[in-house]
Amino acid sequence: MQLIQADSWQELMTQEATKDYWLPLLKFVQAQYQSTQCFPPQEQIFRAFELTALDKISVVILGQDPYHGMGQAHGLAFSVPEGVTKPPSLLNILKEVENNERERLIARGGTNPQDGENRLHLTHHSGDLSHWATQGVLLLNSVLTVERGKAGSHQKKGWELFTDAVIKEISQKNSGVVFMLWGRFAQGKEKLIDSSRHCILRSGHPSPLSANRGLWFGNNHFNRANQYIEQRGGSRIRWK
């Protein structure tokens, strides 16, 4: 298994590699990939860290574990490779992006983007969120690997200790990061974040169960994140 190569994460990697959980975790993951089909591909396990440098993080979006269907997971929470059918949670995320963009344009005095020549092709989002990651959005799952067809199969093997350390590192080393906590699981990580240094946005999970109960749509997280970033002199994230 290829570990994180990006320079900005090396101090954290060195620190975590000395802890008791690290070697058993690596052995477990290596054994699982040899004996069963697991996702994402081994070379993409730490892809979120390769695309998003520690000192460039503007937003952290927390997921639980990777998609467990064939060809879906590629190392970024909620994201799928180009051309892969979008899972329901991702579809709801992209719908909220559309809604936020529509509201932003109307607030600026523009026409409804659904009308006339100003219509935006808001439904043509790719499911590949790599362009978020390269702008400073860390798409972090709490667990970084999973067995095919078995959601949660690699939980409580050590990944949570590593990703909790990542969250603490961001909280301590950075300032002005927007943490998007979607659903009860992600909100359980709030205790790791210094709320006096960062912006914490909470809502229901984008899964259909939560979204259909009115707990997801309308949270306006994407606009709220950009407003916070711009107020601090940063560059807005291009969510589309």
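The structure this text deals with has already been given above.
Residues numbered from 1 in each chain as written. Predicted model: local features only at pLDDT ≥ 70, side-chain atom pairs only at ≥ 80, totals over all residues. Heavy atoms only, no water.

1. Here's the deal with the overall build of the protein chain
So, point 1. Secondary structure summary: the protein chain contains 9 helices and 6 strands in total.
So, point 2. Taking 240 residues into account, the globule formula puts the C-alpha radius of gyration at 18 Å, and the protein chain, at 18 Å, falls close to it.
So, point 3. Dimensions along the principal axes, computed over C-alpha positions, put the protein chain at roughly 55 × 40 × 30 Å.
So, point 4. Classification of the 240 residues of the protein chain by burial places 52% in the buried group.
So, point 5. Partitioning the intrachain contacts of the protein chain with sequence separation of at least 6 by distance along the chain shows that 68% fall at a separation of at least 24. (Helix = DSSP H or I, 4+ residues; strand = E, 2+ residues; numbered from the N terminus. Rg over C-alpha atoms; globule rule 2.2 N^0.38 Å. Buried < 20%, exposed > 50% of the residue type's maximum accessible area, 1.4 Å probe, protein only. Contact = heavy atoms within 4.5 Å.)

2. A closer look at helix α6 (residues 159-173)
So, point 1. Over its 15 residues, α6 extends 21 Å from the first C-alpha to the last, a length consistent with the 21 Å expected when each residue adds 1.5 Å.
So, point 2. Within α6, 11 of the 15 residues are buried, which leaves the element mostly enclosed by the surrounding structure.
So, point 3. Summarising the contacts, the buried residues of α6 are in contact with α1 (10-16), α2 (22-35), α3 (47-51), β2 (59-63), β3 (137-141) and β5 (178-182). (Expected span 1.5 Å × (residues − 1).)

3. Here we look at the side chain of S142
So, point 1. By the element assignment, S142 lies in the loop between β3 and β4 (146-147).
So, point 2. Residue contacts for S142: discarding those within four places in its chain leaves G63, Q64, W159, E160, T163, F185 and K189.

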